[in-house]
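The lines below spell out each chain.
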Amino acid sequence: MSKKCSICESEIKGFGNNPQPIIKDNKKLTVNDRCCDDCNLSIVLPARYAVSENVFAQKMVNVLTSGKRINEVSSKTLNQRG
Ligand SMILES: [Zn+2]
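Every value quoted in this text rests on a predicted model; they were computed, and no experiment measured them. (Residues numbered from 1 in each chain as written. Predicted model: local features only at pLDDT ≥ 70, side-chain atom pairs only at ≥ 80, totals over all residues.)

### Some points on unusual backbone geometry
Quick reminder of the rule: Numbering goes from the N terminus for both helices and strands, where a helix is a DSSP run of H or I of at least four residues and a strand is a run of E of at least two. Buried means a residue has 20 or more other C-beta atoms within 10 Å of its own C-beta, exposed means 12 or fewer, and partly exposed covers the counts in between; C-beta atoms are placed from the backbone.
For the peptide bond that leads from Gln 20 to Pro 21, omega is 10°, which places it in the cis range. Locating Pro 21 in the fold gives a position in the loop between strand E2 (11-12) and strand E3 (23-24). In this structure, Asp 25 takes a positive phi of about 50° despite not being glycine. Mapping Asp 25 onto the fold places it in the loop between E3 and strand E4 (27-28). Non-glycine residue Asn 26 carries a positive phi angle of around 65°. Along the chain, Asn 26 falls in the loop between E3 and E4. Asn 26 gets classed as exposed once you count the C-beta atoms within 10 Å, which come to 6.

Printed below as a string of structure tokens:
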């Protein structure tokens, strides 16, 4: 059985990952959604980190899911820490 990533819609290999707290199309993804390893590393983990640090929180999550400049945005945002 293959599932689609809730974020980038590629096919997920393996079990997938919990995409929370990502917001896609103004809908909060839930634990019932799955995301691929790529999105987990490049979007979900930085977003989760930002939320836990209370840095930009929701705003950043929306930015991360809104376009192709994911890596650029996330590295820039992470570099702003401290
Ligand atoms: Zn994905």
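### Description of helix H1 (residues 37-53)
Quick note on the threshold: A helix's residues, less one, multiplied by 1.5 Å, set its expected span. To get the bend at a given residue, fit one axis to the seven residues ending there, fit another to the seven starting there, and take the angle between those axes.
The first and last C-alpha atoms of H1 sit 23 Å apart over 17 residues, in line with the 24 Å expected at 1.5 Å per residue. At Val 44, H1 is deflected by roughly 35°, the largest bend along its length, and proline Pro 46 occurs up to four residues later in sequence.

### Considerations on the environment of Val 31
Along the polypeptide, Val 31 turns up in the loop between E4 and H1. For the pair Val 31 and Pro 19, spaced 12 residues apart in sequence, the C-alpha to C-alpha distance is 6.9 Å.

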